[in-house]
Amino acid sequence: MDFDALFSDQLDLLKKEGNYRIFAELERQSGAFPKAKSYDKRSPENVTIWCSNDYLGMGQSQIVKDAMKSVIDTNGCGAGGTRNISGTNHHHVLLENELADLHRKEAALLFTSGYVSNWASLGTLGSKLPNAVILSDSANHASMIEGIRHSRADKVIWKHNDPDDLDRKLKAIGPNRPKIVAFESVYSMDGDISPMQEIVEVAESHNAMTYLDEVHAVGLYGPRGGGISEELGLSDRITLIEGTLGKAYGVMGGYITGSKILCDFIRSFASGFIFTTALPPAVAAGARASIAHLKSSELERKRQQKQVQKLRSDLDRAGIPHMNNPSHIIPVMIKDPVKCKMLSDILMRDYGIYVQPINYPTVPKGTERLRFTPSPMHSDVDIDHLVNALNVLWKQCAIARVVA
Ligand SMILES: *Cc1c(COP(=O)(O)O)cnc(C)c1O
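Analysis parameters
Residues numbered from 1 in each chain as written. Predicted model: local features only at pLDDT ≥ 70, side-chain atom pairs only at ≥ 80, totals over all residues. Heavy atoms only, no water. Helix = DSSP H or I, 4+ residues; strand = E, 2+ residues; numbered from the N terminus. Buried < 20%, exposed > 50% of the residue type's maximum accessible area, 1.4 Å probe, protein only. Contact = heavy atoms within 4.5 Å. Near = heavy atom within 4 Å. Areas by Shrake-Rupley, 256 points an atom, 1.4 Å probe, with all protein chains shown as cover. Nonpolar A, V, L, I, M, F, W, Y, C, P; charged D, E, K, R; others polar. 1 Å grid on protein atoms, 1.4 Å probe; cavity = no way out; pocket = protein on both sides within 12 Å on 5 of 7 lines; lining within 4 Å. Points joined across faces, edges and corners; volume = space filled by probe spheres on them. Core = buried A, V, L, I, M, F, W, Y, C linked by side-chain atoms within 4.5 Å. Pairing = 2+ DSSP bridges. Axes fitted to C-alpha atoms, helices over the stretch in contact; angles between N-to-C directions. pLDDT = per-residue confidence, 0-100. Right-handed = clockwise from strand over helix to strand, strands pointing away.

J.: Just to check I follow, could you spell out the overall build of the protein chain for this structure?
T.: Along the protein chain, the regular secondary structure elements total 15 helices and 14 strands. The principal-axis extents of the C-alpha atoms in the protein chain amount to approximately 60 × 55 × 55 Å. By residue count, 54% of the 404 residues in the protein chain fall in the buried class. Across the protein chain, contacts joining residues at least 24 apart in sequence account for 71% of those joining residues at least 6 apart.

J.: Mind showing me how you'd approach the side chain of Ser 143 here?
T.: Residue position: Ser 143 is located in helix H6 (residues 142-151). Aside from chain neighbours lying at most four places away, what touches Ser 143 is Tyr 115, Asn 118 and Trp 119.

J.: Even after reading the chapter, I still don't get the site of the ligand, so can you show me in this structure?
T.: Around the ligand there are 13 residues in total, and Gly 114, Asp 213, His 216, Thr 244 and Lys 247 lie nearest to it. Burial of the ligand by the protein amounts to 83% of the accessible area it has alone, namely 370 Å². Element by element, the count of residues in the shell around the ligand is highest for helix H5 (residues 114-128), at three residues. Partitioned by chemical class, the residues of the shell around the ligand number two nonpolar, eight polar and three charged.

J.: What's the story with the layout of surface pockets in this structure? I'm lost.
T.: Size it by volume and the second largest pocket reaches roughly 320 Å³. Considering the residues around the second largest pocket, the lining is formed by 17 residues, among which Arg 83, Glu 96, Ala 108, Leu 109 and Arg 267 are closest to the centre. When the residues that make up the lining of the second largest pocket are grouped by side-chain class, the tally is eight nonpolar, three polar and six charged.

J.: Could you clarify how one ought to interpret the nonpolar core in this entry?
T.: It is characteristic of soluble globular proteins that their nonpolar side chains tend to be buried jointly. Residues Leu 95, Leu 99, Leu 166, Val 181, Phe 183, Met 196 and Leu 245 are the most contacted members of the largest nonpolar core, which totals 47 residues. Counting residues per element, the ones that place at least two in this core are helix H4 (90-102), strand S4 (107-111), strand S5 (133-137), helix H7 (163-173), strand S7 (179-184), helix H8 (196-205) and helix H12 (281-296). In this structure, Ala 36, Leu 311, Val 387 and Leu 390 belong to the second largest nonpolar core, which totals 32 residues.

J.: So what exactly am I meant to see when it comes to the sheet that holds strand S8 (residues 209-213) here?
T.: The strands that make up a sheet are held in pairs by hydrogen bonds between backbone atoms, and each pair lies either parallel or antiparallel. Spatially, the seven strands line up as an open sheet ordered S4-S10-S9-S8-S7-S5-S6, and their pairing is mixed. Each edge of the open sheet carries a strand with a single partner, namely S4 and strand S6 (154-158). Strand after strand, the sheet turns through a mean of 20° between neighbouring axes, direction not considered. Direction of pairing for S5 relative to S7: parallel, over a ladder of four bridges. Across the sheet, the residue bridging to Val 133 is Lys 179, located in S7.

J.: Would you mind showing me how to read the confidence of the model for the protein chain here?
T.: When pLDDT is averaged along the protein chain, the result is 96, and 99% of the positions lie at 70 or above. Here strand S13 (residues 357-358) stands out as the least confident element of the protein chain, with mean pLDDT 92; S8 is the most confident, with 99.

J.: What is the right way to look at the pairing of S6 in this model?
T.: A regular strand places its side chains on the two faces of the sheet in alternate fashion. Examined bridge by bridge, S5 and S6 share five bridges and lie parallel to one another. Within S6, the position partnered with Ser 136 by the bridge is Ile 157. Taken together, S5, H6 and S6 constitute a β-α-β crossover, and its handedness is right-handed.

J.: Can you help me understand the environment of Tyr 360 in this one?
T.: Summarising the element assignment, Tyr 360 is placed in the loop between S13 and strand S14 (369-372). Since its relative accessible area comes to 36%, Tyr 360 is described here as partly exposed. In this structure the C-alpha to C-alpha distance between Tyr 360 and Met 348, which are 12 residues apart in sequence, comes to 21 Å.

Right under this line is the structure:
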């Protein structure tokens, strides 16, 4: 059987739709965030990254680099095993304590990524709680969807950010089954924020547990970077808060926080926790330094918010349509996969601006977009250069503008 022919049939289909992904080969330049060296011969050698999830540039912070280097020197590189067999290191425990404190929970549990933390935790909750039902917001991230699917628990999808729909669906389930309400705080594609207070109240009124993904909010919102749940003073009413160490904290790894017994339950039953090598101790130490820094420093958050505001108002002035939302994520809507990819290519080739086109299946067809994430290190000059480039392209490509 010609397997390669079967593979390329499907790839050809993807290419025809304009949804085939080409990665930009870059080398980030530590100390020069958000600049990178490009290895693509068609683009300038130095480019500005406009779509990083290292939202605050912490991945290049001296504090984080020092913490990682010093633990490499004292502990070496790898963890040496799974947490279960020889892999639990002092730095993992310190990081879990830091995370529990961040969300003011009793305990935390580390995973190798945010994806794995969602997949493993929802998978375990849904399969181990007898007769459980998981109520999932319709815009939830793939890692939650896969975790729920893997659990084989009954799943009910409720309308995105709609507490009334959640209420109706909870009511229909009846009082005696364990119910888990799974949702996010900041949704990364539209940059919208969930009505957390209302969702928590609805869940409480039906005795459901709440499972909150704060991946795009930790480090960025709340006085200590504890996310939207901290900003709204709701963390103690949420059963489980999940997050990543790979986005605003600039390193890698995922986690959950909650009661001691909840974390012990996941630790004891989740295959995705038990059977995989633990994070390198230096990675844990770097993440901990990053979290500790952002607990006490508002500087990075304040400056990021300022640059987000500047880009938004400059886009408005140029009549470039972008989604209005209360977060740090600025989606510029193109609504066509081929145009979206073309604009991204031209921005890179002619302007040294790197922004990845966001196409199906990451977003629904017809809502293709360029997604900009200004950081504290994007200068006013960077922003001017971006808006000028978009202005020229909007003229050339005859894309609709907003009439002020
Ligand atoms: C990126 C992302 C994750 C996965 O986190 P990683 O640490 O990158 O694996 C989980 N949830 C959401 C909403 C995400 O956007």
